[in-house]
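Read off the chains here:
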Amino acid sequence: MKRILSLILALLLIALPLAACSAEPEEEGYFTRTKRDSRGRLSVSLARTDKDGAPLSEKELDKIYGEACDAFSAAYDFLSTDAGSGISAINAPVSTVLDIDSTLISEIEYAFSLSESLDGLYEPCGGALTALLEKSDSPKEEELSEALSHIGSAHFELSETSVNKDDPLAKVDLGALCDGYALAAACEHLKKSVCAYGTVTFNGIAGVFGKKPEGEPFSVEIGNGEDGIFNITDGYVALVSKDFGTSYDFSDGILDTDVSHIAVYSADARSAAVIASVGYAYGKDKILSLYEKEGIFFEAVILEKDGKETLTKKAKSGTLYTPITTAEDEA
């Protein structure tokens, strides 16, 4: 039962906005704009100079910002479960779906591979359960059992442009991976722009692009800087905390996670978002065991509910992460 509750929490986390994580707070020299909608809060901060050091006008910066928002939205829509998307077509109650975009198939295959690397703790085929939880904060046990019977990548057979399902009610929901994919798309677009450097944040995920003067790192604040700062020149940081906010009741020890918050750094925004969600749902020991596995590359800062802070090896080095509290443990 505890694993089921952990799975539910992980699925809720990948479907909801993550916690506070900000990169390069607004200051002189940055052009910052924020867009809020039902998906969450997208913030873009741009250096006011181009790659040759020449100043950019407000009109030029506003155009770059708008294009970054468009890139983000297009990528998010591409992996979303919204009506009309490729994934909504896959999730139709049928056994075979044809003419699926090959890039979408590749992203689903990546999600399946990431799930396997994470010992199945990330479930990209939990759409039947997330759909149930969207309808009810307190589903009945028989409803949970029915939804769980339709979960798992084993129900899916993927080819280059088609999907076969042995269970027509099985559904894909990439969750946090979708958030990371969209944020990375915005960063990749900005790398190709004339802007020298900057940052992009979406809910609890932060990414950076370009090079600051003299190679100075970007500062990614955890909990508005109150819990530490990642110092990065590339890559992404994702944060999940106890304040993520869900109406589903995990109080009174129903799910005994020892994590108050977890911040994960990775070169891949998709894996950063997913691993942070998994780490929060399954606890410190599980995330540290995943850290030791071959083929998974990330660094993490874990703050337990008792205030104890645990850092993985490179986060402990003193250059990647600047703690506010004293770390007592090391992976």
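Please read all numbers here as calculations on a predicted model, not as lab measurements. (Residues numbered from 1 in each chain as written. Predicted model: local features only at pLDDT ≥ 70, side-chain atom pairs only at ≥ 80, totals over all residues. Heavy atoms only, no water.)

Student: Tell me about the overall build of the protein, and name the residues and values.
Tutor: Across its full length, the protein carries 10 helices and 16 strands. Taking all 331 residues of the protein together, 54% fall into the buried category. For the protein, the accessible area works out to roughly 14800 Å², and carbon and sulfur atoms hold 48% of it. (Helix = DSSP H or I, 4+ residues; strand = E, 2+ residues; numbered from the N terminus. Buried < 20%, exposed > 50% of the residue type's maximum accessible area, 1.4 Å probe, protein only. Areas by Shrake-Rupley, 256 points an atom, 1.4 Å probe, with all protein chains shown as cover.)

Student: Could you give me a rundown of unusual backbone geometry, with the residues and numbers involved?
Tutor: Negative phi values dominate among residues other than glycine, just as trans dominates among peptide bonds. Unlike most non-glycine residues, Asp 99 shows phi in positive territory, near 60°. Along the polypeptide, Asp 99 turns up in the loop between strand 4 (96-97) and helix 4 (102-117). Among the residues examined, Asp 99 registers a relative accessible area of 74% and is labelled exposed. For Glu 214, which is not a glycine, the phi torsion comes out positive at approximately 60°. When its relative accessible area of 85% is taken as the criterion, Glu 214 is described as exposed.

Student: Quick rundown of the packing of helix 2 (residues 58-79) against helix 7 (residues 176-191)? Include the residues and the values.
Tutor: Between helix 2 and helix 7, whose axes approach to 8 Å, the crossing angle comes to 150°. Relative to helix 7, helix 2 is oriented roughly antiparallel. As for the relative orientation of helix 2 and helix 7, their crossing is right-handed in sense. Residues Ile 64, Glu 67, Ala 68, Ala 71, Phe 72, Ala 75, Tyr 76, Phe 78 and Leu 79 of helix 2 form the contact with helix 7, whose own contacting residues are Leu 177, Cys 178, Asp 179, Tyr 181, Ala 182, Leu 183, Ala 185, Ala 186, His 189 and Leu 190. Looking at side-chain class alone, the contact of helix 2 with helix 7 contains 16 nonpolar, 1 polar and 2 charged residues. (Axes fitted to C-alpha atoms, helices over the stretch in contact; angles between N-to-C directions. Parallel < 35°, antiparallel > 145°, perpendicular 65-115°, else oblique. Left-handed = near helix turned anticlockwise from the far one by under 90°. Contact = heavy atoms within 4.5 Å. Nonpolar A, V, L, I, M, F, W, Y, C, P; charged D, E, K, R; others polar.)

Student: Please provide a residue-by-residue account of the sheet that holds strand 5 (residues 156-158), values included.
Tutor: Strand order across the open sheet formed by 3 strands is 4-6-5, with antiparallel pairing between neighbours. Across the chains shown, the open sheet's two edge strands, defined by having one partner strand only, are strand 4 and strand 5. One ladder, built from 3 bridges, connects strand 5 with strand 6 (residues 163-165); its direction is antiparallel. Looking at the pairing, Phe 156 lines up with Lys 165 of strand 6. Relative to the sheet, helix 4 contacts strand 5 and strand 6, its axis offset from that of strand 5 by approximately 130°. (Pairing = 2+ DSSP bridges.)

Student: Quick one: what's the story with the side chain of Ser 193, residue by residue and with numbers?
Tutor: Tracing the backbone shows Ser 193 in the loop between helix 7 and strand 7 (197-202). Here Leu 190 takes part through its backbone oxygen, which lies 2.7 Å from a polar atom of the side chain of Ser 193. For Ser 193, the residues in contact, after removing those within four places along its chain, are Lys 51 and Ile 64. (Polar contact = N/O pair within 3.5 Å; in protein donor to acceptor, adjacent residues only side chain to side chain.)

Student: Hey, could you go over the packing of aromatic side chains for me, with residue numbers and the actual values?
Tutor: This structure, assessed with the given rule, holds 10 aromatic pairs. Between the aromatic rings of Phe 230 and Tyr 321, the centroid separation amounts to 5.1 Å while the plane-to-plane angle is 55°, which identifies the pairing as tilted. Here Phe 230, found in strand 10 (residues 229-232), pairs with Tyr 321, found in strand 15 (residues 321-322); they are 91 residues apart in sequence, far enough to count as distant. The class for Phe 230 is buried, based on a relative accessible area of 0%. (Phe/Tyr/Trp six-rings, centres within 6.5 Å; stacked < 30°, edge-to-face > 60°.)

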